[in-house]
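Breakdown of the fold
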Amino acid sequence: MVKLMLALDVMDKNKALEIVKETSEYIDAIKIGYPLVLATDLKIVKEIKELSNKEIICDFKVADIPSTNEKIAKLTLQYADGIICHGFVGEDSVKAIQNIAKENNKKVIMVTEMSHPGAVMFMQPIANELAKLAKKLGVDGVVAPSTRPERLKEIKEIVGEISIISPGIGAQGGDLEKVLRILSNDDYIIVGRSIYNSESPKESAKMYKEKLKNNF
Ligand code: C5P
């Protein structure tokens with residue numbers, strides 16, 4: 001089954017913990033990014049890991065020189081199971097994160113093409129090259145857009161066995177039915193606002209989980 005990753009981009013600690021408790025029976029993984037960490041601190045990652053016992057991925061879209069990437073990865077992977085980085089900064093920057101992840105048995109996930117409209121300006125033209133780099137480096141996952149199923153398909157064909165983490169379902173308008181025809185069992189869809197902003201995050205998470213179970 002395709003897995004459900006909750007993007008927990010809320011900016012209030014209690015709300016975050018509440019949503020995790022409510023939705024945890026329906027989600028497989030939690031993605032924590034800057035909104036929640038900057039509103040609280042990095043220890044929120046540890047707290048949510050302990051509370052949920054789910055796979056926790058930090059979406060810090062790391063994009064720096066190797067030595068700085070290494071420091072960011074060390075701090076993040078003390079608590080998280082994986083970290084999202086950019087590949088456009090080059091092979092050495094990604095490798096620096098992979099070295100830290102390997103020592104700790106953690107995941108490195110690389111962004112290929114982002115899901116928002118602006119991604120067509122600069123990211124889309126190089127996204128296939130980024131996907132090739134991800135494959136060459138043997139990263140543990142790549143981020144590719146549910147908002148553009150044809151691009152998702154192309155990127156999946158390039159990366160082959162590497163797991164896809166795909167945002168864009170829900171608030172960004174991605175078509176889940178089309179996306180599920182492309183994704184396979186170890187892939188994930190990421191859903192944020194349409195779960196955490198809904199009247200009942202629990203019911204919304206349940207609805208997505210059921211769609212994944214029934215393959216729509
Ligand atoms: O709220 P929504 O479901 O649109 O959340 C999507 C999540 O995926 C956000 O956390 C966003 O930062 C993230 N993301 C994305 N496109 C990427 C990488 C991450 O939308 N390429």
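This structure is a prediction, so every number in the text was calculated from the model and none was measured.

Observations concerning the overall build of the protein chain
- When helices and strands are tallied, the protein chain shows eleven helices and eight strands.
- By the compact-globule yardstick of 17 Å for 216 residues, the protein chain fits well, its C-alpha radius of gyration being 16 Å.
- Along the longest, intermediate and shortest principal axes, the C-alpha atoms of the protein chain span 45 × 35 × 30 Å.
- Considering the protein chain as a whole, with its 216 residues, one finds that 51% of them fall into the buried category.
- Approximately 9,900 Å² of the protein chain is accessible, and the part contributed by carbon and sulfur atoms is 49%.
- Computing the positive centroid from 31 side-chain charges and the negative centroid from 31, the protein chain places the two 1 Å apart.

Notes on the nonpolar core
- Among the nonpolar cores identified, the biggest contains 74 residues, and Leu 8, Val 45, Ile 48 and Ile 189 are the most heavily contacted of them.
- Here this core takes six residues from helix H7 (residues 124–137), the largest share from any one element.
- What Ile 189 contacts, discounting residues up to four positions off in sequence, is Val 2, Lys 3, Leu 4, Met 5, Ser 166, Ile 169, Leu 176, Val 179, Leu 183, Tyr 208 and Leu 212.

Points about the packing of aromatic side chains
- Throughout the structure, instances matching the rule amount to one aromatic pair.
- Relative to Phe 60, the ring of Tyr 34 has its centre 5.1 Å away and its plane inclined at 20°; by these criteria the two rings are stacked. Remark: Phe 60 occurs in strand S3 (residues 55–62) and Tyr 34 occurs in helix H2 (residues 34–39); sequence separation between them is 26 residues.
- Owing to a relative accessible area of 6%, Phe 60 belongs among the buried residues under this scheme.

Re the pattern of salt bridges
- A full pass over the atoms with the stated rule returns 17 salt bridges.
- One salt bridge connects Glu 91 with Lys 136, and the closest N-O pair in it is separated by 2.7 Å. Taken together, the residues span a long stretch of sequence, with Glu 91 in helix H5 (residues 91–104) and Lys 136 in helix H7 at a distance of 45 residues.
- Residue classification places Glu 91 among the partly exposed positions, given a relative accessible area of 27%.
- With a shortest N-O distance of 3.2 Å, Lys 132 and Glu 129 are connected by a salt bridge. Remark: Glu 129 and Lys 132 occur in helix H7; sequence separation between them is three residues, near one turn of the helix.

Notes on helix H3 (residues 43–52)
- When H3 is considered as a whole, its buried residues turn out to be Ile 44, Val 45, Ile 48 and Ser 52. All buried residues of H3 lie within an arc of 105° about the axis, which places them on one face of the element.
- Elements in contact with the buried residues of H3: helix H1 (13–23), strand S2 (29–33), H2 and S3.
- Just beyond H3, the residue with positive phi is Asn 53, at close to 55°.

Comments concerning the site of the ligand
- Surrounding the ligand, one finds 16 residues, the nearest of these being Asp 9, Lys 31, Ser 115, Gly 192 and Arg 193.
- At 2.9 Å, a side-chain N or O of Gln 172 approaches an oxygen atom of the ligand.
- In the complex, 89% of the free accessible area of the ligand, which totals 470 Å², lies under the protein chains.
- When residues of the shell around the ligand are traced back to their parent elements, those giving at least two are S3 and strand S8 (188–191).
- Looking at the shell around the ligand residue by residue, the class counts come to seven nonpolar, three polar and six charged.

Here's the deal with the pairing of strand S5 (residues 107–111)
- Most of S5 sits inside the fold, with four of its five residues counted as buried.
- Alignment of strand S4 (residues 82–86) against S5, held across five bridges, turns out to be parallel. The partner of His 86 across the bridge, within S5, is Val 111.
- The β-α-β motif built from S4, the intervening H5 and the parallel element S5 has right-handed crossover chirality.
- Across three bridges, S5 lies against strand S6 (residues 141–143) in parallel orientation. Within S6, the position partnered with Met 110 by the bridge is Val 142.

How each quantity is defined
- Residues numbered from 1 in each chain as written.
- Predicted model: local features only at pLDDT ≥ 70, side-chain atom pairs only at ≥ 80, totals over all residues.
- Heavy atoms only, no water.
- Helix = DSSP H or I, 4+ residues; strand = E, 2+ residues; numbered from the N terminus.
- Rg over C-alpha atoms; globule rule 2.2 N^0.38 Å.
- Buried < 20%, exposed > 50% of the residue type's maximum accessible area, 1.4 Å probe, protein only.
- Areas by Shrake-Rupley, 256 points an atom, 1.4 Å probe, with all protein chains shown as cover.
- Lys, Arg positive; Asp, Glu negative; His and termini not counted.
- Charge placed at Lys NZ, Arg CZ, Asp CG, Glu CD.
- Core = buried A, V, L, I, M, F, W, Y, C linked by side-chain atoms within 4.5 Å.
- Contact = heavy atoms within 4.5 Å.
- Phe/Tyr/Trp six-rings, centres within 6.5 Å; stacked < 30°, edge-to-face > 60°.
- Salt bridge = Lys/Arg side-chain N within 4 Å of Asp/Glu carboxyl O.
- Arc of directions from axis to C-beta.
- Near = heavy atom within 4 Å.
- Polar contact = N/O pair within 3.5 Å; in protein donor to acceptor, adjacent residues only side chain to side chain.
- Nonpolar A, V, L, I, M, F, W, Y, C, P; charged D, E, K, R; others polar.
- Pairing = 2+ DSSP bridges.
- Right-handed = clockwise from strand over helix to strand, strands pointing away.

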